[in-house]
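Architecture and fold: a report
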Amino acid sequence: MKKARLLFIACTLSAVAAIAQTQTAKVKTAAARETSQPSKWANDATHSSVKFTVSHLTVSEVEGRFKKFTGTIESPSGDFNNAQVSFSVDVTTISTDDDMRDGHLKSDDFFNAEKYPQMTFKSTSFKKVKNNIYTLEGNLTIRDVTKKVKFAVLYGGTMVDPYGNTKVGFKATGKISRKDYGLKWSKLTEAGGAIVGDEVNMLMNLEFAKQKA
């Protein structure tokens, strides 16, 4: 009797697992079908983040983020190869969890957020390297300076959410020299090291929603 009950439970669990796998496969197939043609996507800021780190006193790193940003993707095909990417960040929303430091970053020593409230990026190339790995290149404008930058991009996949919206995820990483963009404030420690490092590491976890025709 006990063996029969265990066999029944095992069969039930197997059936539930099979149904779940089938449903997941259907969702993925629907998502792939949704993105097989040229498409436009808008950033879902609620499920995205734009962060950065910079060295402090040469011994640690300070983390920061921007709270407001917008972005779009125009893709000629389902795999996003050769897609066009545009992004804009509201510099006035910078946050490092310290009001005094944030105020300094918004001043003319750094971003001069009052005069240059937007940091923008426009792609010149978005190429698939292999599997889910891409390289994104383009022009980044901070203050009144525009320079070419490159990002390593990891494609997280495409999925239809419970509300019927097709979503896609990317993780982009890159680095720039802040001084190249006019963020030149600098002081040295007694030992001669920079209080604030020049190299800024950027990390963006971005989710986009497919725009309906």
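Heads up: the structure comes first, above all this text.
Everything in this summary refers to the structure shown in the same document. Note that the structure is a prediction, hence the values are computed from the model and not measured.

**A look at the packing of aromatic side chains**
Aromatic ring pairs are defined here through the distance separating the ring centres and the angle between the ring planes. On inspection of all chains with the given rule, the structure shows 13 aromatic pairs. Taking the centre distance of 5.6 Å and the plane angle of 85 degrees together, the rings of Phe-121 and Phe-151 count as edge-to-face. Of the two residues, Phe-121 sits in strand E7 (residues 118-130) while Phe-151 sits in strand E9 (residues 145-160), which places them 30 residues apart along the sequence. On the basis of relative accessible area, Phe-121 is assigned to the buried category, the value being 9%. Aromatic side chains Phe-126 and Phe-170 sit 6.0 Å apart centroid to centroid with 75 degrees between the ring planes, which places their arrangement in the edge-to-face category. Taken together, the positions of Phe-126 in strand E7 and Phe-170 in strand E10 (residues 166-177) put the pair 44 residues apart, joining distant regions of the chain. Taken as a pair, Phe-126 and Phe-170 share a single burial class, namely buried. Clustering of aromatic rings is evident, with ring pairs tying together Trp-41, Phe-80, Phe-126, Tyr-134, Tyr-155, Phe-170 and Phe-208.

**Things to note about unusual backbone geometry**
Trans peptide bonds make up the majority, and among non-glycine residues the majority have a negative phi. In this structure, Asp-97 is a non-glycine residue whose phi angle is positive, near 65 degrees. Note that Asp-97 resides in the loop between strand E6 (94-95) and helix H2 (99-106). For Asn-131, which is not a glycine, the phi torsion comes out positive at approximately 45 degrees. Within the secondary structure, Asn-131 is located in the loop between E7 and strand E8 (133-142). Accessibility expressed as a relative area gives 63% for Asn-131, which makes it exposed.

**Quick word on the layout of surface pockets**
Volume-wise, the largest pocket comes out at about 790 Å³. Considering the residues around the largest pocket, the lining is formed by 43 residues, among which Phe-52, Phe-66, Met-119, Val-200 and Met-202 are closest to the centre. Of the residues contributing to the lining of the largest pocket, the split by class is 34 nonpolar, five polar and four charged.

Rules used throughout
Residues numbered from 1 in each chain as written. Predicted model: local features only at pLDDT ≥ 70, side-chain atom pairs only at ≥ 80, totals over all residues. Heavy atoms only, no water. Phe/Tyr/Trp six-rings, centres within 6.5 Å; stacked < 30°, edge-to-face > 60°. Helix = DSSP H or I, 4+ residues; strand = E, 2+ residues; numbered from the N terminus. Buried < 20%, exposed > 50% of the residue type's maximum accessible area, 1.4 Å probe, protein only. 1 Å grid on protein atoms, 1.4 Å probe; cavity = no way out; pocket = protein on both sides within 12 Å on 5 of 7 lines; lining within 4 Å. Points joined across faces, edges and corners; volume = space filled by probe spheres on them. Nonpolar A, V, L, I, M, F, W, Y, C, P; charged D, E, K, R; others polar.

Honestly, it's all geometry; don't read function into it.
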